[in-house]
Each structure stands twice: as C-alpha cells, then as structure tokens.
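Here are the chains, one letter per residue:
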Amino acid sequence: MGRRARLGLVLCLAALWAGGLAAADEEGNQDESLESKTLSAEDQVKDHSTGTRVVAGQIFLESGKSDSQSEDEENFHSQEEEKENLLEELNSLEMSNLLNKDLEEAEVQSPVLTAIGGTADGEPCHFPFLFMEKEYAECTADGREDGRLWCATTYDYKKDQKWGFCETEEQSNKRRQMQEAEDVYQTGMKILNESSKKAQKKEAYQYLLKAADMNHTKAMEKVSYALLFGDYLKQNIQSSKELFEKLTEEGSPKGQMALGFLYASGLGVNSSQAKALVYYTFGALGGNLIAHMILGYRYWAGIGVLQSCESALTHYRLVANHVASDISLTGGTVVQRIRLADEVENPGMASGMLEEDLIQYYQFLAEKGDVQAQVGLGQLHLHGGRGVEQNHQRAFEYFNQAANAGNSHAMAFLGKMYSEGSDVVPQSNETALQYFKKAADMGNPVGQSGLGMAYLYGRGVPVNYELALKYFQKAAEQGWVDGQLQLGSMYYNGIGVKRDYKQALKYFNLASQGGHILAFYNLAQMHATGTGVMRSCHTAVELFKNVCERGRWSERLMTAYNSYKDGDSNSAVVQYLLLAEQGYEVAQSNAAFILDQKASIVGENETYPRALLHWNRAASQGYTVARIKLGDYHFYGFGTDVDYETAFIHYRLASEQQHSAQAMFNLGYMHEKGLGIKQDIHLAKRFYDMAAEASPDAQVPVFLALCKLGVIYSLQYVREINIRELFSHIDMDQLLGPEWDLYLMTIIALLLGTIIAYRQRQHQAIPRPAGLRPAVPQQEPPPEHQPPQ
C-alpha cells in the first residue's frame, strides 16, 4: 500500500505538471488542433521558424504570434525547463521501478483468437503459421472454396494438421455479404466518376441502390442524398428520411447532419429547431464539415442559439482550414452565384452564364487559330464556371495551341498545370520552370509569379529568397493576385525580408480584392489572432465565412440552378434550402423566391411563412431585394399580419443602407397615403424625387406619381379655401387697372366678330352640284384575288 501511495503522489505531481504545460500552451497554440492538413516535406521551405505551415504554396504561422509575444515564449520555455528539472528529481530509480511495475500490472493483454471447430477447437491461433510454404500473420481463406477464414494452432500446418475457423458461419456469411456490397459499391462509384452522361450516372445509382439494400454505409449515404435532391433518382423525401434515420443509428455524421437539416427545414418531419441543433452538433462532433459550417452560421446569426461570435469563429475556422488546404496553385473552382429574383426583375441582365452558341463561337475562333479565344477557353476549362464544366484535358490542349503561337499567358498557365500535376498533365518541376521562364522573359506576371514560387520552394532550382522576392514584386506591380499573396506571405513570415505585418496586411488586402481565397484566409487569421491589426472576431468570422463558401460543396449552387431551369422546382428548392442552412445568402434568396411561387413540396399554407423566414435571413446579409420583399410581405400580409409600420421600417432600411429606388418610391407612396406614418405630401414628393435620382428606370413611374400628387394637392388646396371669400378679396381695379371692363368688352367683341367672319367664309366655300350623276359602283376583285377575311 505504501508503494502505491508513493506512486499515486508521483502521478498527481506529473498530472499537475502536465496540466500547467497545457494551460500555458493553450493560448499560444490555439490553432494547432484545427490544422489537420499540411503539404509534403519536399514542399516545405527550409530553415523556417518553428510553427510555420505551408498550404498550397502559402506560408503562414500556426499561432500568428507577434514580435512582442516572443519574450513570453522565452519565459514559458524557462518555466518549462524548471518543471522538467523538478520531474527529473522526482523520477528516481525507485520511482521508475514502481512505475514500470505498475504499468506492467495494468497492461491490457491483446485478445487472442480461438479456433472454432476444425481439428483444434478451442485452441488459440498461432501467428505466424506456415501453409503451402507461405507464412500467414492473420487468418486466411486460402485453400477453402467457401471463403471462410481459418487459422492454424501450430506453426507448421502441414506437419501437425491443427486448424480451426476464425469466425462462426453466421459471421462468415455477414462478412461475405459486406464484401459483396463493397464490390457493388465500388462498381457503381467507378461508373459514376468516369462517366459524364446522364444515362450512365443513372446506371451507377442502380448499383449504389443495390449496395444500399445490402446495408453498405457509404452507399446508403449516396443514395439517401440522391433521393433527397432528386439526383439521378426520383425525389422521395420520405425514403431519404428513413435512410438518414438508419444512418444516424449507425453513427454516420453525414446522416446526422442531413437529419438535422430535415428537422430544421420541416421536410418530411415536423419542424424542430431543437432537434436540428442536436443532430447538427452530433454531425460536427463526427467531423462533418457541412455541420460545422451550419453551426458556425447559426452562432453568427443567433439562429436557435445565443449569438456567439467566438463559437462561430471556432466552427468557421475549422472548415476554412480544410478549404484552404484543398486550394491548388491553379486556384479553386469558380463559384457561380445567380439570383433568380434578379433574373426575373432584369431579364436582360447578364447572369454570368455563357450561352451555348457563344461557347461554340469561341470554339470556332480557337480552331481557326485565334490566340485570345484559345487562352480564354483554356482558363474557362481550367477553373470551370459560367456554365462550363472543369476539364483539364481541354484546358491543356487550348493552352498548348496558344503557347505554340507564342502567347506568354498560355505558357504561364501551362507552367502552373505542370507545377501542380493532374491526371492529364504529369507533375514536372523542370517543364514547369521552362514555361515560367519563357513567360517571365516576356514580362508576363503569371510567369513571374510562377518563377518566384520555384525559387521560394526550390522546385527545379536552388532556394533563393532574393530572386523569389524580386519576381513576386514584379508580378504584384502588374496587379497579379498570386504575386501579391506571396509577397504578403514573405512579409508575414519574415522570409527573405524583415518581418513586417503592415506590409503583409497591405498585400493580403490587395490579393483579396482580386478574389484570392488564401488572401481571405490569411486576413481572417490575422484578425482572429490580432496579428498586425486590432483583434476583431466579427471581421475574422466574415472572412472565414467567405473562405468556407468557396468549398467544393458550393458546386451545388449550379446544380440547383440547373434543376430550376429544367423545371424541377422541388429538387432546386431542397438544394437551395440546404445551402441556405450553410449561410449562403444567394441560396436563401433563391429558396425564398421559389417558395414565393408556391413550391409543391411544401404545404400551400406554409410557403409564405417559410419564404418570409429566408427573405429575412438574406436581408440580414445585405441583399436589397430581400429587404424590399420583407417590406412587401408586411405591407400585403403575406405569411404574417398586415403591418404598415414594420413595412415602413424595412423600406426605410433599404433606402438608407442600399439606396434602393424601389424602396424610396414605396416610402413616397406610404407618405402620400399616410400608411404606417403620418400623411405628408411634401415628404412624399421628396421620396419620389429621390427615387428618380437613384435610378433612371424609376423616372417614368415617378413622373406619373408626381402628376397624380399634383392633382391631389390642387384638389386638397381648393377644398381647404373658401371660393366666395377668395373672389371677395380680389380687387379687379388693382389687378387689371381702372378700365378693365372696357378691355374685357373689347376682347369679347373681337372674338364674336372673328367667329361670325369664319362661319360666313365657310358657308361660301361649299360648291353647288351642276347635276346629278349616277354613282359608279366599285368593281369587286375576282374571288381568287380577294383579301382573306
């Protein structure tokens, strides 16, 4: 007992020491638990300071410590050394023996497989064992036609013939069934990934359906989402719900997140935000990134939970780390954000989508040797977007044609493709370097930036920070975002230059204006940790949210849009609703727009209230049309009671914050009629004038409204005054002079004379007929020439 008491004392001291280290280390390494992906060792920059990480060519510090924190680190390290010395004093030989003995006693023995049946029933399996001149370190099905696993209980099976099964017949059947399901699943996934035709994808889902019926978890996840969205399977919310419930029971994070979505949106179940929050939380704990993103938005906007910027920051930063680590040097896919309401309101406005005829025209130009068309199509296929799918093979072909014609931009992009490597283009630093040099010699900023990357990371050339800095500066001077980003990175980490957070902030801001995802990410890290700027949780969350919305799940925005264009509103609205839960403003407004048109997937009495909810969320993120829609819903009583005062507030917000001409016009009308506000014709005219100034399209309706307002004002003025009193106060002698009656009589006489003279002249001008002539009837055209009736 005494020895165990001393052992307990040592363990307590060790725990206290470890706890002290953890508490001291918690603040300095706040981001460490969130950083889950790094590049390979060959891509790391040599001689970097401790804590530096590289993501897709972007260097940044894990903890983002400023220079003032280095002294705290030194003090921390000295405290750490003192604690280590204390532990060494306690860790005497006696204590070491006690610890070792206790660990030996507490050591858990690994489970031993016992043979079932055979010639050695109940005996432990012997690993390795020899069978057919081959050693086996685990159970095998070799030598058996039924595929059942077995093992030998002695080393040499041939000599001793001692064996038994490793599993019961029931376990064997279940294992073989799961193996069959896995084979079917892999067949379906192979067809799905290798084909682009809709018929082949439908065939792939038939394989996945079969695997799902065999309780294959991944197949059930794919099938359940396909049933939810109507992807290559007929949409069936109820069937998808049953699969999600089954997956949730098995602990699938994807199933938990999806079930949370169903409860949040009230699809197939009664809406319950409490249950939704529970399932979202379980999904996030299981590592589902979409669940983390949904929770981040909910904490940021205070939906179903108390608003908490720090909680939102935690969730968004975790997702942003994954998104940033997936960004390649050629950049991520383009996120196409198309608002359905804007398309309807402004049908002539470009949505950003390229028409098929226009794409064919550019392809025709490219085939005829137009270099600019070749480069444009190459970039379009490299990144995807605007209605064009990502296709590296076609991008490579177009760039190759333009590069052979001497285009520096195409050379630089070929360098980027070779530098990164893909299924189409094998990775080759040497080839990439050749293209970068050719492009850089011609003054191309993309080539200069690529050459800077090569010198920074030693890809095909020795590491040279001075040359890297030189080429990045040249690219940045020409406004190329990659050059600006890498310059900011070098200043942030003090690589090749003196560490300067202000310069880093400057270049990150410039790169973010060009839309570079990693620039947003690095700015978010700086604002989150207060590095080089005042710490701002709100700014950091908004920047991290921007990064998260560039993840691969954003591709569903285009899938939902295509579903809507194909006439499948139910599929589109469900997809938009899930994206709306993730915080996409464009998805919130599009979901509300479709619900506003009475989507059949939702009950008729629920469309307006649900649309109102999503218009409200979109408006809170700054969308002007959504704010006006909120005013309209309260004005007309759609999904809520008629409330002119609330409508007036929404119109005023849209007018003051977004300078909306429509909102100003509506405010003018409400002031004119006295709805929700005291009637004031002067203020009504002011708002009408402001609407005309804000938008040329408002000038015609404003002119009509002002004409009506003028008539109303005149009638109101006449009604308010007494006409008899008006005439009694008029002095004609003062107004027209003392002989005003003579003037009036003269004018009347002249008018009468003019009328008489005009009538006499008209009477004389009528000719008298000399005689009657028979009327000549008009000949009708022949029947065949008659005009159609």
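Just above sits the structure.
Everything numeric here is computed off the predicted structure, so don't read it as measured data.

Engineer: Give a description of unusual backbone geometry that names residues and reports values.
Structural biologist: Cis rather than trans, the peptide bond between Phe-127 and Pro-128 has omega equal to -5 degrees. Relative to the assigned elements, Pro-128 resides in the loop between helix H3 (93-106) and strand E3 (129-131). If you check the backbone angles, Met-132 has positive phi at about 55 degrees while not being a glycine. With respect to the helices and strands, the residue Met-132 is situated in the loop between E3 and strand E4 (134-136). Here Met-132 falls in the exposed class, since its relative accessible area comes to 67%. Phi at Glu-133 takes a positive value of approximately 60 degrees, unusual for a residue other than glycine. Structurally, the position occupied by Glu-133 is in the loop between E3 and E4. Exposure remark for Glu-133: the relative accessible area of 79% places this residue in the exposed category.

Engineer: Lay out the state of the cysteines in plain terms, naming residues and giving numbers.
Structural biologist: Considering all chains together, one arrives at three disulfides under this definition. The side chain of Cys-139 participates in a disulfide bridge whose partner is Cys-166; the two sulfur atoms lie 2.1 Å from each other. Taking the torsion about the S-S bond as the criterion, the Cys-139 to Cys-166 disulfide, at about -90 degrees, is left-handed. Here Cys-139 is found in the loop between E4 and strand E5 (150-152), whereas its partner Cys-166 is found in the loop between strand E6 (163-165) and helix H5 (169-194), with 27 residues between them in sequence. Each member of the pair Cys-139 and Cys-166 is classed as buried. Here Cys-309 is linked by a disulfide to Cys-537, with a sulfur-sulfur distance of 2.0 Å. Taking the sign of the torsion about the S-S bond as the criterion, the disulfide between Cys-309 and Cys-537, at about -115 degrees, is left-handed. Separated by 228 residues along the polypeptide, Cys-309 in helix H12 (residues 309-326) and Cys-537 in helix H24 (residues 537-548) bring together distant segments of the chain. Judged by relative accessible area, which is 25%, Cys-309 ranks as partly exposed. Ordering the disulfide-forming cysteines of the chain by sequence position, one finds them joined as 1-3, 2-4, 5-6.

Engineer: I'd like to hear about the packing of aromatic side chains, residue by residue, with values.
Structural biologist: Under the defined criterion, the tally for this structure stands at 28 aromatic pairs. The interplanar angle of 10 degrees and the centroid separation of 5.3 Å between the aromatic rings of Phe-399 and Phe-413 together place this pair among those described as stacked. Here Phe-413 lies in helix H17 (residues 408-420) and Phe-399 lies in helix H16 (residues 392-404), a separation of 14 residues in the sequence. Classification of Phe-413 as buried rests on a relative accessible area of 2%. For the ring pair Phe-665 and Tyr-688, a centre distance of 5.1 Å and an interplane angle of 55 degrees mean the geometry is tilted.

Engineer: Account for the pattern of salt bridges, naming residues and giving values.
Structural biologist: As enumerated under the stated definition, the model contains 16 salt bridges in all. Here Asp-231 and Arg-556 are joined by a salt bridge, their closest N and O atoms 3.2 Å apart. Pair noted here: Asp-231 is in the loop between helix H7 (217-229) and helix H8 (237-249) and Arg-556 is in helix H25 (residues 556-565), with a separation of 325 residues, a long-range link. For Lys-545, the salt bridge is made with Glu-549, and the minimal N-O distance between the two is 2.6 Å. Its relative accessible area of 7% is what places Lys-545 among the buried residues. For Glu-549, a relative accessible area of 7% corresponds to the buried category. The structure contains a network of salt bridges with shared partners spanning Arg-298, Glu-581 and Arg-617.

Engineer: Tell me what's going on with the environment of Val-533, and back it up with residues and numbers.
Structural biologist: Mapped onto the secondary structure, Val-533 falls in the loop between helix H23 (517-529) and H24. Val-533 sits in the buried class, given a relative accessible area of 17%. Those residues in contact with Val-533 that lie beyond four places of it in its chain are Leu-505, Met-526 and His-527.

Engineer: Residues and numbers for a nonpolar patch on the surface, please.
Structural biologist: On the surface, Leu-358, Tyr-361, Tyr-362 and Phe-364 cluster together into a nonpolar patch covering about 390 Å² of accessible area. Counting through the fold element by element, Tyr-361 comes out in helix H14 (residues 356-367). Since its relative accessible area comes to 46%, Tyr-361 is described here as partly exposed.

Engineer: Any chance you could break down the packing of helix H15 (residues 371-383) against H17 for me, citing the residues and the numbers?
Structural biologist: For the pair H15 and H17, the least separation of the axes is 10 Å and the interaxial angle reads 25 degrees. Classified by the angle their axes make, H15 and H17 are roughly parallel. Viewed along their axes, H15 and H17 form a crossing whose handedness is left-handed. Contacts between H15 and H17 involve Val-375, Gln-379, Leu-382 and His-383 from the former and His-409, Ala-410, Phe-413 and Met-417 from the latter. Considering only residue class, the contact of H15 with H17 consists of five nonpolar, three polar and no charged.

Engineer: Tell me about the nonpolar core, and name the residues and values.
Structural biologist: Ranked by size, the top nonpolar core spans 154 residues in total, and within it Phe-261, Tyr-316, Tyr-576, Ile-594 and Trp-615 carry the most contacts. Broken down by element, this core gets its largest block of residues, nine residues, from H23. Residues in contact with Phe-261, not counting those within four places in the same chain, are Leu-228, Leu-267, Tyr-280, Val-574, Leu-577, Leu-578 and Glu-581.

Engineer: Got a sec to walk through H17? Specific residues and values, please.
Structural biologist: Taking 1.5 Å per residue, 13 residues should reach 18 Å; H17 reaches 19 Å between its end C-alpha atoms and fits that length. Taken together, the buried positions of H17 are Ser-408, Ala-410, Met-411, Ala-412, Phe-413, Leu-414, Gly-415, Lys-416, Met-417, Tyr-418 and Ser-419. In the core, the buried residues of H17 are packed alongside H15, H16, helix H18 (429-441), helix H19 (445-457) and helix H21 (481-493). Two or three places before His-409, at the start of H17, stands the capping residue Asn-407, its side-chain oxygen 3.0 Å from that residue's backbone nitrogen. A positive backbone phi angle near 80 degrees is found at Gly-421, which sits one or two residues after H17.

Engineer: Explain the side chain of His-671 residue by residue, including any values.
Structural biologist: In this structure, His-671 sits in helix H31 (residues 661-673). A relative accessible area of 5% means that His-671 is categorised as buried. If we ignore the near neighbours within four places in the chain, the residues touching His-671 are Phe-648, Ile-677, Lys-678, Gln-679, Asp-680, Leu-683, Ala-684 and Phe-687.

Engineer: Help me get a handle on the packing of helix H27 (residues 585-596) against helix H28 (residues 607-620), residues and values and all.
Structural biologist: Put simply, H27 and H28 touch, their axes get as near as 8 Å, and they point 155 degrees apart. Compared by their axis directions, H27 and H28 come out roughly antiparallel. Pair H27 / H28 crosses with left-handed handedness. Residue-level contacts link Glu-585, Gln-588, Ser-589, Ala-592, Phe-593, Leu-595 and Asp-596 of H27 to Thr-607, Tyr-608, Arg-610, Ala-611, His-614, Trp-615, Arg-617 and Ala-618 of H28. The residue makeup of the contact of H27 with H28, split by class, is seven nonpolar, four polar and four charged.

Scoring rules and cut-offs
- Along each chain, residue indices are assigned from 1 in the same order as the chain's sequence is written.
- Under the rules for a predicted model, residues below a pLDDT of 70 receive no local features and side-chain atom pairs below 80 are neither given nor counted, while totals for whole chains, interfaces and linings still include all residues.
- As a rule here, side-chain values cover all heavy atoms of the structure and leave hydrogens and water aside.
- Numbering of helices and strands runs from the N terminus; a helix is a DSSP stretch of H or I covering at least four residues, while a strand is a stretch of E covering at least two.
- Burial here depends on accessible area, computed with a 1.4 Å probe over protein chains only, as a share of the maximum for the residue type. Under 20% is buried, over 50% is exposed, and the range in between is partly exposed.
- When two cysteine sulfur atoms are found within 2.5 Å, that pair is recorded as a disulfide.
- The aromatic pairing rule takes the rings of Phe, Tyr and Trp, using the six-membered ring of Trp, and pairs them if the centres are within 6.5 Å, calling planes under 30 degrees apart stacked, those over 60 edge-to-face and the rest tilted.
- For this document, the term salt bridge refers to a Lys or Arg side-chain nitrogen within 4 Å of an Asp or Glu carboxyl oxygen.
- In this analysis, two residues are considered to be in contact whenever any of their non-hydrogen atoms come within 4.5 Å of each other.
- Each patch is built from residues lacking any salt bridge and having more than 30% relative accessible area; the joining distance is 9 Å for like charges and 5 Å for nonpolar side chains (Val, Leu, Ile, Met, Phe, Trp, Tyr).
- The accessible surface values rely on the Shrake-Rupley method and a 1.4 Å probe; as for residues, cover is taken only from the protein chains in view.
- Lines fitted to C-alpha atoms define the axes, with helix axes restricted to the stretch in contact, and inter-axis angles between N-to-C directions lie between 0 and 180 degrees.
- Each angle gets one of four labels, with under 35 degrees taken as roughly parallel, over 145 as roughly antiparallel, 65 to 115 as roughly perpendicular, and the rest as oblique.
- The sense of a crossing depends on the near helix, which, turned anticlockwise from the far helix by less than a right angle, makes the crossing left-handed and, turned clockwise, makes it right-handed.
- In this count, Pro and Cys sit with the nonpolar residues alongside Ala, Val, Leu, Ile, Met, Phe, Trp and Tyr, while Asp, Glu, Lys and Arg are called charged and the others, Gly among them, polar.
- In these notes, a set of buried Ala, Val, Leu, Ile, Met, Phe, Trp, Tyr and Cys residues joined through side-chain atoms within 4.5 Å is what counts as a nonpolar core.
- Expected span, for any helix, means 1.5 Å times one less than how many residues it has.
- Each polar contact in these results corresponds to two N or O atoms within 3.5 Å; when the atoms are within protein, one needs to be able to donate a hydrogen and the other to accept it, and residues that are neighboring in sequence are counted only if both atoms are side-chain atoms.

That is the geometry; function is a separate question.
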